[in-house]
Amino acid sequence: MILRLLTLSLLILYPVAWFAPLLRAGLLPIFGLSEISVITGLQSLWGSDAALALIVTVFAIFAPYLKTIGLALIQWELLDTKVQPVLHVLGKLAMADVFLIALYITLAKGISYATIEVAWGLYLFTACIFASLVLGLLTKPETK
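Summarised in this report is the structure supplied together with it. Source: prediction; values computed, not measured. Residue numbers run consecutively from 1 along every chain, following the written order of its sequence. The model is predicted, so local features are restricted to residues of pLDDT at least 70 and side-chain atom pairs to those at 80 or more, both for listing and for counting; the totals for chains, interfaces and linings are taken over all residues. Think of the side-chain values as coming from all heavy atoms in the structure, minus any hydrogens and water.

### Considerations on unusual backbone geometry
Thought 1: Of note, the phi angle at Glu-77 is positive, near 60 degrees, even though the residue is not glycine.
Thought 2: Numbering goes from the N terminus for both helices and strands, where a helix is a DSSP run of H or I of at least four residues and a strand is a run of E of at least two. When you line up the elements, Glu-77 lands in the loop between α3 (50-75) and α4 (84-109).
Thought 3: A relative accessible area of 47% places Glu-77 in the partly exposed class. Throughout, exposure labels follow a simple rule: accessible area from a 1.4 Å probe, protein chains only, divided by the maximum for the residue type, with under 20% read as buried, over 50% as exposed, and the rest as partly exposed.

Here it is, written out as structure tokens:
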């Protein structure tokens, strides 16, 4: 039952993580920093590069959320356990997000005129991804 509740809690925590500030960025600290979230980043991408925005939307929003919904359905025995390999692939796609965000922060910190600060939303988003991964591993296929 705890496994089911933890999985369902991710369905609430993911949207919070999407709107939470992932990082604060600016040219110099004296000019102030803008907060960047998954949603604001996607909004910016949609304005400049729709194809890339679509790819990031799939990896940042749809892949982890669909995996979590699938896990919940399996745990409540509303979906066949044969789909777990597909959910595992969705989980790997979602992990690509965390890697890309870490890469961007590392690259931006190398620029001397830019200031990047990690915000609490990055930790929440990363925790949601890792929790989904662990819950997926703990959800065992039942033999009938």
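### Here's the deal with the nonpolar core
Thought 1: In plain words, nonpolar cores are sets of buried Ala, Val, Leu, Ile, Met, Phe, Trp, Tyr and Cys residues tied together by side-chain atoms within 4.5 Å. Counting residues in each nonpolar core, the largest one holds 26 residues, and the members touching the most others are Tyr-14, Trp-18, Leu-22, Val-38, Ile-61 and Phe-125.
Thought 2: Listing elements by their share of this core, those giving two or more residues are α1 (2-19), β1 (23-26), α2 (38-48), α3, α4 and α5 (120-138).
Thought 3: Here this core gets six residues from one element, more than from any other, and that element is α5.

### What to know about the packing of aromatic side chains
Thought 1: Two rings from Phe, Tyr or Trp (for Trp, the six-membered ring) form a pair when their centres are within 6.5 Å of each other. A pair whose planes differ by under 30 degrees is stacked, one over 60 is edge-to-face, and the rest are tilted. Within this structure, the stated rule accounts for three aromatic pairs.
Thought 2: Residues Tyr-14 and Trp-18 carry aromatic rings whose centres are separated by 6.2 Å and whose planes lie at 25 degrees to one another, so their mutual orientation is stacked. Here Tyr-14 and its partner Trp-18 are both found in helix α1, four residues apart, which amounts to about one turn of the helix.
Thought 3: What makes Tyr-14 buried here is its relative accessible area of 0%.
Thought 4: We classify Trp-18 as buried; its relative accessible area is 9%.
Thought 5: Through a chain of ring-to-ring contacts, three or more aromatic side chains come together here, namely Tyr-14, Trp-18 and Tyr-65.

### With respect to the packing of α3 against α5
Thought 1: Between the N-to-C directions of two axes lies an angle of 0 to 180 degrees, each axis being a line fitted to C-alpha atoms and, for a helix, fitted only over the stretch in contact. Interhelical geometry of α3 versus α5 gives an angle of 35 degrees and a closest axis separation of 10 Å. Crossing geometry of α3 relative to α5 is assigned as left-handed. Between α3, through Ala-60, Pro-64, Lys-67, Thr-68, Leu-71 and Gln-75, and α5, the contact on the second element is made entirely by Phe-125, Ile-129, Ser-132, Leu-133, Leu-135 and Gly-136.
Thought 2: Only Asp, Glu, Lys and Arg are considered charged, only Ala, Val, Leu, Ile, Met, Phe, Trp, Tyr, Cys and Pro nonpolar, and every remaining residue, Gly among them, polar. Here the contact of α3 with α5 is built from residues that sort into seven nonpolar, four polar and one charged. Whether a crossing is left-handed or right-handed is set by the direction in which the near helix is turned from the far one by less than a right angle, anticlockwise for left-handed and clockwise for right-handed. In this analysis, two residues are considered to be in contact whenever any of their non-hydrogen atoms come within 4.5 Å of each other.

### Quick look at the packing of α2 against α3
Thought 1: In the contact formed by α2 and α3, the axes pass within 7 Å of each other and the chain directions differ by 155 degrees. Here α2 is positioned roughly antiparallel relative to α3, judged by the angle of their axes. As for the relative orientation of α2 and α3, their crossing is left-handed in sense. Listed contacts from α3 to Val-38, Ile-39, Leu-42, Leu-45, Trp-46 and Ser-48 of α2 are Ala-50, Leu-52, Ala-53, Leu-54, Val-56, Thr-57, Ala-60 and Ile-61.
Thought 2: Partitioned by chemical class, the residues of the contact of α2 with α3 number 12 nonpolar, two polar and no charged. Each angle receives one of four descriptions, namely roughly parallel if under 35 degrees, roughly antiparallel if over 145, roughly perpendicular if within 65 to 115, and oblique otherwise.

### Remarks on the pairing of β1
Thought 1: Between any two strands, at least two bridges found by DSSP are needed for them to pair. The pairing of β1 with strand β2 (residues 34-36) spans three bridges and is classified as antiparallel. Its bridge partner being in β2, Leu-23 is matched across the sheet by Ile-36.
Thought 2: As judged from the four bridges shared by β1 and strand β3 (residues 115-118), these two strands associate in the antiparallel manner. Its bridge partner lying in β3, Ala-25 is registered against Ile-116.

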